[in-house]
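Below are the chains, spelled out letter by letter.
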Amino acid sequence: MSFFSQNNNASTVCGTTDFNGLLRKVVPITGCTLLFCTEGYAIGTSHFDPVAIRRGTFVPLFTFSRFTIERTSSCFSCRFVEMSAPAIADFTVNFNSPVFWDFLYRYPVFTVEKSVQQLVDEWFGRMEWITDTFDGEICQQMVYGELHNLFIAIEQRIAQLFPPELHNEKSAVWSIPDSLTALLDEHIHHERSVKFYASELCISPDYLNKVCHRLMKTSTKALINDTVIYELKRYLAETDLTIEQIAAQMNYDNVSYLCRFFRNATGQSMMEFRRKQR
């Protein structure tokens, strides 16, 4: 609980922040942090991609998230709920909606509809009241219930955006993007062919590509390339490894090719990107 909280013994902490003193720093997430902008605007990054934060923007952050606020307006303010890993662990395991998690994978920052922004703000108010009024098991049960209700509401609204045939949680098709993501995390440093990942999933490359287009609106190769770029950005932003050393970590023999690949994907050189992160 190292981001907003000063009480490291609390499993759930709520409050308001203007990100003063926290600009251009990666938000460390030990469990789950939910942000809701109530005033002003900010420019940030989510997985290195630029994002705009304004009134009504909702940002759910989990341990796999990489999120920063780069700059803010003078009146910028966010409500937050920060939960420790033990507090959120059972919930994330039990809340197994593919519609919900697929949406967060593609849209880690999104704006709540104006008609329900007040309801979301009131939800954060209830969470703050709960954590201020109760403690121990009672507090945790009430937090769990509020979180479940919020995520169910988001899931139901998201589900309306998808064709009915994609809502079925029992469909094996929904497990493929999650399995592919896990395989990319495990093998991206050594394997970058569509054929390899299709083989690991026991399906054909063509079928894998159709699933990616259907559920993730992109090709398998684009997902592989995006993962490579994300890893390269992470090395450049978070380590002092040379370009040659990064190429070795990613199993690229041709450093010049890797540099061209990065520039073509991002519009800037690897060194330019590193300088902007420092």
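Structure: above.
Basis of the calculations
Residues numbered from 1 in each chain as written. Predicted model: local features only at pLDDT ≥ 70, side-chain atom pairs only at ≥ 80, totals over all residues. Heavy atoms only, no water. 1 Å grid on protein atoms, 1.4 Å probe; cavity = no way out; pocket = protein on both sides within 12 Å on 5 of 7 lines; lining within 4 Å. Points joined across faces, edges and corners; volume = space filled by probe spheres on them. Helix = DSSP H or I, 4+ residues; strand = E, 2+ residues; numbered from the N terminus. Nonpolar A, V, L, I, M, F, W, Y, C, P; charged D, E, K, R; others polar. Expected span 1.5 Å × (residues − 1). Buried < 20%, exposed > 50% of the residue type's maximum accessible area, 1.4 Å probe, protein only. Arc of directions from axis to C-beta. Contact = heavy atoms within 4.5 Å. Core = buried A, V, L, I, M, F, W, Y, C linked by side-chain atoms within 4.5 Å. Pairing = 2+ DSSP bridges. Axes fitted to C-alpha atoms, helices over the stretch in contact; angles between N-to-C directions.

Draft legend 1. Examining the layout of surface pockets more closely. Here the largest pocket defines a volume of roughly 1,400 Å³. Forming the boundary of the largest pocket are 40 residues, of which His47, Tyr105, Arg106, Thr181 and Thr227 lie nearest the centre. Elements with a minimum of two residues in the lining of the largest pocket: strand 4 (49-54), helix 2 (98-106), helix 5 (175-187), helix 8 (220-238) and helix 10 (255-266). Looking at the lining of the largest pocket, the element that brings in the most residues is helix 8, giving 9 residues. Its residues assigned to classes, the lining of the largest pocket shows 21 nonpolar, 11 polar and 8 charged. Considering only enclosed or pocket space, the second largest pocket measures out at about 500 Å³ in volume. Lining the second largest pocket are 20 residues, and of these Val112, Val116, Ala153, Ile154 and Arg157 lie nearest its centre. Those elements that provide at least two residues to the lining of the second largest pocket are strand 8 (110-111), helix 3 (114-133) and helix 4 (136-159). Among the elements that make up the lining of the second largest pocket, the one with the highest residue count is helix 4 (7 residues). Across the lining of the second largest pocket, the residue classes tally to 13 nonpolar, 2 polar and 5 charged.

Draft legend 2. View of helix 3. Between its first and last C-alpha atoms helix 3 spans 30 Å; for 20 residues at 1.5 Å apiece the expected length is 28 Å, and the two agree. Taken together, the buried positions of helix 3 are occupied by Gln117, Val120, Trp123, Phe124, Met127, Ile130 and Thr131. Buried residues in helix 3, looked at end-on, bunch into an arc of 145°, giving them a common side. Along helix 3, the residues that are exposed and aim more than 90 degrees away from the buried face are Ser115, Gln118, Leu119 and Asp132. Buried residues belonging to helix 3 abut strand 1 (12-17), strand 2 (32-39), strand 5 (57-62), strand 7 (77-83), strand 8 and helix 4.

Draft legend 3. Representation of the nonpolar core in the model. Residues Leu180, Tyr197, Leu208, Leu232 and Met270 are the most contacted members of the largest nonpolar core, which totals 32 residues. Of all the elements in the fold, those that place two or more residues in this core are helix 5, helix 6 (194-200), helix 7 (205-216), helix 8, helix 9 (243-249), helix 10 and helix 11 (270-277). Here this core takes 8 residues from helix 8, the largest share from any one element. Not counting residues up to four positions away in its chain, the partners in contact with Tyr197 are Leu180, Leu183, Leu184, His187, Ile188, Glu191, Arg192, Leu208 and Ile224. Residues Leu34, Phe110, Val112 and Val143 belong to the second largest nonpolar core, which totals 31 residues.

Draft legend 4. Region of the structure containing the environment of Gly40. The residue Gly40 is located in the loop between strand 2 and strand 3 (41-46) in this model. In the structure, Gly40 is positioned 34 residues away from Ser74 in sequence and 7.3 Å away in space, judged by C-alpha atoms.

Draft legend 5. Expanded view of the sheet that holds strand 4. In spatial order, the strands read 4-3-6; together these 3 strands make up an open sheet with antiparallel pairing. Two strands close off the open sheet at either side, each with one partner strand: strand 4 and strand 6 (67-72). Adjacent strand axes in the sheet meet at a mean angle of 30° when their direction is disregarded. Note: strand 3 against strand 6, 5 bridges, orientation antiparallel.

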